[in-house]
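As a plain string of letters, each chain reads:
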Amino acid sequence: MEPLGEFEETLALIKQVLEASDGAEDPSIYDRVHYWMGHTLGNLGRYDEARSHLFRSLELAGNSGNRDTEADAYSYLSQLDYMQGYLDRALRHADASIRCSQHITDPKRLARAFVVKALPVAYLKGVSDYMVFFKEASFHVEQSGNDRARCLLLSTDWAYSIICGEYETVIVNAQDGLELARKIGDGMLTGLFFSIWGGQRFMQAELSMH
Amino acid sequence: MNQRAKKWVIVWSTRFSVFLAEALLLSGRMEEAAEPAEKALLFCQSLDLELILQVALEINARILAHRHPVNHARIDQMMKQAAALVERGRSSIMKIVHLMARAWIGLEIGRFGGAREDLAEARCLYLKMGLKNATGELRIVEKALAEAEAGRRKAY
């Protein structure tokens, strides 16, 4: 479920799932359902409704001990706060997401949590503080080896560079980002190739080349 | 899966095209900015991506503001569409992005009064966020506007 723009359809689908629970929500399943509901509503600019689902998700995740969902919900709350200009709160929620991700030692989530924190840091802290934080975030992104987190990091740095008037940095980041998006696309197509034609056939082709 | 994978790449490529167009525009490389900007706008319109669509519309309007003769009607149409997205989105950050774009356009086409109002409103929103000094970008536009106004006074 990437934010690919099919928000209304997604919303209708999740609504059905929520209605199907008849009020008896299994925390191990519905923590995720509420998280995605919050995420989708947030993408539609329905922030208050989004928040109530994210808080419900946190409540259920607390009951089921699902730290993955907690990390994600805090991370998205931070993004909503940022969008509405509640920068201090955005920082606090990003920190909570980092703590959860550290607890479950999930490098991808940790990288994303750091990237999410970079935006409020860019506004609230000075240049030097941001640069220090950006280095730390970059380190976690590299550790995670996650290209999508790299995309997010590049776009975060774009926002920062724009507000600081550092336009040359934006050009470099945007060009890197375009290349990265293409690379990720190639990776996806390779994956498709595997699933369609079967790994064995691909391996044979690879072997015959050497 | 195939469609979603393709779409993911298009979404991110579109985002980075918007960033690239904005950076080129701000660096004064107007003609280079036009291609990624138009491409991004095309994709944003075909996808249901309002946040990026808003920025893509604003960047294209800003590029148009630099062309002569200025197509006021087209610029206003694009900015109106972007404003409607801002209203729907209800995000303070995106509102500031919009105000800054309007101020840049006002500065370019000589609507200085409007630009000043937009900058004042953006400053107010930053203040509400606890940012007394706003941002480097806002200060750059304020300075450019003050210089343009001084130039106009001198000309009179």
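These numbers come from a predicted model, not from an experiment. (Residues numbered from 1 in each chain as written. Chains lettered and ligands numbered in written order. Predicted model: local features only at pLDDT ≥ 70, side-chain atom pairs only at ≥ 80, totals over all residues.)

How should the overall build of chain A be read in this particular structure?
A count of helical and extended segments in chain A gives ten helices and zero strands. Every one of the 210 residues in chain A was classed for burial, and the buried ones make up 44%. (Helix = DSSP H or I, 4+ residues; strand = E, 2+ residues; numbered from the N terminus. Buried ≥ 20, exposed ≤ 12 C-beta atoms within 10 Å, placed from the backbone.)

Which parts of the structure should I look at to understand the interface of chain B and chain A?
Quoted interface sizes are often the accessible area lost when the parts come together. Between chain B and chain A, the residue contacts involve 38 residues of the former and 36 residues of the latter. Every element with two or more residues in the side of chain B that touches chain A is listed here: helix H1 (2-26), helix H4 (72-89), helix H5 (92-109), helix H6 (112-128) and helix H7 (136-155) of chain B. Of the residues forming the side of chain B that touches chain A, the biggest block, 18 residues, is contributed by H1(B). Broken down by class, the residue content of the side of chain B that touches chain A amounts to 19 nonpolar, ten polar and nine charged. (Contact = placed C-beta atoms within 7 Å. Nonpolar A, V, L, I, M, F, W, Y, C, P; charged D, E, K, R; others polar.)

Is there a simple way to think about unusual backbone geometry in this case?
Glycine aside, a negative phi is what most residues show, and trans is what most peptide bonds show. Of note, the amide linkage connecting His68(B) to Pro69(B) takes the cis form, showing an omega dihedral of 0 degrees. One can find Pro69(B) in the loop between helix H3 (50-65) and H4. Its identity is not glycine, yet Thr105(A) carries a phi of approximately 40 degrees, on the positive side. When you line up the elements, Thr105(A) lands in the loop between helix H5 (87-103) and helix H6 (107-124). One non-glycine residue with positive phi stands out, namely Arg90(B), at about 50 degrees.

Can you walk me through the confidence of the model for chain B in this structure?
In low-pLDDT regions, the fine details of the predicted coordinates are not to be read closely. Residue and element names in this part refer to chain B. Per-chain confidence: chain B averages 88 in pLDDT, with 96% of residues scoring 70 or above. By mean pLDDT, H1 is the weakest element of chain B at 77, and H6 is the strongest at 96. Confidence metrics for the complex model read pTM 0.81 and ipTM 0.81. (pLDDT = per-residue confidence, 0-100.)

Help me understand the nonpolar core in this model?
Proteins that are soluble and globular tend to have nonpolar side chains buried together. Val115(A), Ala174(A), Leu20(B), Ala21(B), Ala56(B), Ala61(B) and Met100(B) are the most contacted members of the largest nonpolar core, which has 104 residues in total. Mapped onto the domain boundaries, this core takes at least three residues apiece from domain 1 (1-89) and domain 2 (91-156) of chain B. Ignoring anything within four residues of it in the chain, the contact list for Met100(B) reads Ala122(B), Glu137(B), Leu138(B) and Val141(B). (Core = buried A, V, L, I, M, F, W, Y, C linked by C-beta atoms within 7 Å. Domains from an automatic or database assignment.)

How should the confidence of the model for chain A be read in this particular structure?
All names here are of chain A. Per-residue confidence for chain A gives a mean pLDDT of 79, with 85% of residues at or over 70. Between the elements of chain A, mean pLDDT differs from a low of 31, seen in helix H10 (residues 199-209), to a high of 95, seen in helix H3 (residues 47-64). Residue range residues 188-210 is modelled with pLDDT below 50. Its contacts to residues more than four positions away, or to other chains, number nine contacts.

Explain the packing of H5(B) against H7(B) here, please?
Each packed pair of helices is defined by two parameters, the angle between the axes and the distance between the axes. Residues and elements named next belong to chain B. Where H5 contacts H7, the two axes come as close as 10 Å, and the packing angle between them is 20 degrees. Taken together, the axes of H5 and H7 lie roughly parallel to each other. The way H5 lies across H7 gives a crossing that is left-handed. The residues of H7 that touch H5, namely those facing Met100, Ala103, Trp104 and Leu107, are Glu137, Leu138, Val141, Ala144, Leu145 and Ala148. (Axes fitted to C-alpha atoms, helices over the stretch in contact; angles between N-to-C directions. Parallel < 35°, antiparallel > 145°, perpendicular 65-115°, else oblique. Left-handed = near helix turned anticlockwise from the far one by under 90°.)

What should I look at first to understand the packing of H4(B) against H5(B) in this one?
Residue and element names in this part refer to chain B. Closest axis-to-axis distance for the H4/H5 pair is 9 Å, and the angle between their directions is 165 degrees. For the element pair H4 / H5, the angle class is roughly antiparallel. Read as a crossing pair, H4 and H5 show a hand that is left-handed. Packed against H4, whose contacting residues are Ile75, Met79, Ala82, Ala83, Val86 and Gly89, the element H5 presents Met94, Lys95, His98, Arg102 and Ile105 at the interface. Broken down by class, the residue content of the contact of H4 with H5 amounts to seven nonpolar, two polar and two charged.

Even after reading the chapter, I still don't get the domain arrangement of chain B, so can you show me in this structure?
Residues and elements named next belong to chain B. Assigned domains of chain B: these are domain 1 (1-89) and domain 2 (91-156). A straight line from the C-alpha centre of domain 1 to that of domain 2 covers 20 Å. Domain 1 puts 15 residues into the contact, and the matching count from domain 2 is eleven residues. Mapped onto the side of domain 1 that touches domain 2, the elements with two or more residues apiece are H3 and H4. Sorting elements by how many residues they give to the side of domain 1 that touches domain 2 places H3 first, with seven residues. Taken together, the residues that form the side of domain 1 that touches domain 2 break down as ten nonpolar, three polar and two charged.

Sorry if this is basic, but what is going on with H6(B) here?
An α-helical turn contains 3.6 residues, so a residue and the one three or four places further along point in the same direction. All names here are of chain B. Between the first and last C-alpha of H6 there are 24 Å, a value that for 17 residues agrees with the 24 Å anticipated at 1.5 Å per step. Turning to H6, its buried residues number three or more, namely Ala115, Asp118, Leu119, Ala122, Arg123 and Tyr126. Take H6 and look down its axis: the buried residues cluster within an arc of 140 degrees, on one side only. For H6, the exposed residues lying more than 90 degrees away from the buried face are Gly113, Leu127 and Lys128. In this structure, the buried residues of H6 make contact with H5 and H7. Taken from the residues just after H6, glycine 130 is the one with a positive phi, measuring 90 degrees. (Expected span 1.5 Å × (residues − 1). Arc of directions from axis to C-beta.)

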